[in-house]
Amino acid sequence: MRSRGMVRVVAAAAVVAASVAAGGCTVQGAGQDGGRRSPVHVELPHSAPPPKPSSPSSPADDKPEPAPLDMLVPGDTGRDVRELQARLRQVAWLFDGPTGSYDDLTEQAVKGFQGKRGLPRTGRVDTVTWRRLLAMTHAPGKWELYLMGGQPAAAPDPRCLTGRVLCISKSSRTLRWMIDGRTVSTMSVRFGSQYTPTREGVFHVYWKSRHHVSTLYDSPMPYAMFFSGGQAVHYSYDFAARGYAGGSHGCVNVRDEAAISALFAQVRDGDKVVVYR
């Protein structure tokens, strides 16, 4: 027969066990060696609310969108700038040919393009501006990229590798000024038309005329360096204004006046001229 004390202990133990099961607690006990046993997990009652997922608009996740990164900015140069200019020409925001230099005209064209589409008029090409421009244009070909010159110069002809040489490539439409195989300067050039082609071969400068005017066509030929009959390397106002939309009467035209002015000062009578494909 059990004593009243024993009955109270048994009853108390039953109450504790019932309360643990109802509360969903984790029960941990000690093993015989005094170490900790793995916890026993008790499922939550069905009436308990499920854990609340974090809200997309919670303070931890409510971060501002990163600012668009600048890809091209005024003052940059190179092939990427040339592509930017070619694409701006396609959408009629830039009318000068690609030069490869992010100048003030390019900056104004970018601002116009941005403002028309509700973008900040920064004049700098960020990722948003560039994606919008890509969606509206096609990848420019070589002709579009080098419409106004600046095309990479072709490898020098072997005949250009010794002495002082005006090394002129028809394929790349460039002139290299070379001394003993070293390129001193490079500039874009334009040649004669189909019916008045520029002669090919090896020649020599036989006469320089700073303020020359053509007696045959009554047109100015400043910084003229004659190498074959009436054909000369000279500055062309038409080439500077129209690019490759025009052509010469056989001369080698240069559109960069500063470049040909420096070249004219260095070239001497008797220097070699090589015109090749």
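Residues numbered from 1 in each chain as written. Predicted model: local features only at pLDDT ≥ 70, side-chain atom pairs only at ≥ 80, totals over all residues. Heavy atoms only, no water.

Remarks on the overall build of the chain
At step 1: Across its full length, the chain carries seven helices and 11 strands.
At step 2: Within the chain, buried positions represent 36% of all 277 residues.
At step 3: Contacts in the chain between residues far apart in sequence, at least 24 positions, make up 50% of those at least 6 positions apart.
At step 4: Summed over all atoms, the accessible surface of the chain reaches about 16600 Å², with 56% contributed by carbon and sulfur. (Helix = DSSP H or I, 4+ residues; strand = E, 2+ residues; numbered from the N terminus. Buried < 20%, exposed > 50% of the residue type's maximum accessible area, 1.4 Å probe, protein only. Contact = heavy atoms within 4.5 Å. Areas by Shrake-Rupley, 256 points an atom, 1.4 Å probe, with all protein chains shown as cover.)

Looking at the confidence of the model for the chain
At step 1: The share of residues in the chain with pLDDT of 70 or more is 74%, and the mean pLDDT across the chain is 80.
At step 2: Predicted confidence for residues 1-61 stays below pLDDT 50, and this span has 24 contacts to residues more than four positions away or in other chains. (pLDDT = per-residue confidence, 0-100.)

Here's the deal with the pattern of salt bridges
At step 1: The full count for this structure, using the stated rule, is eight salt bridges.
At step 2: Of the charged contacts in the structure, one is a salt bridge between R124 and D70, with a shortest N-O distance of 2.8 Å. Taken together, the residues span a long stretch of sequence, with R124 in the loop between α3 (104-116) and β2 (125-126) and D70 in strand β1 (residues 70-72) at a distance of 54 residues.
At step 3: Exposure remark for R124: the relative accessible area of 35% places this residue in the partly exposed category.
At step 4: Exposure remark for D70: the relative accessible area of 42% places this residue in the partly exposed category.
At step 5: Here R79 and E83 are joined by a salt bridge, their closest N and O atoms 2.7 Å apart. One end of the pair is R79 and the other is E83, both in helix α2 (residues 79-90) and four residues apart, which spans about a single turn.
At step 6: Under the relative-accessibility criterion, E83 is labelled buried at 14%.
At step 7: Among the charged side chains, a network of salt bridges with common partners joins R79, E83 and R87. (Salt bridge = Lys/Arg side-chain N within 4 Å of Asp/Glu carboxyl O.)

Focus on the side chain of S228
At step 1: One can find S228 in strand β8 (residues 220-228).
At step 2: Not counting residues within four places of it along the chain, the set of residues in contact with S228 comprises R199, F203 and Y206.

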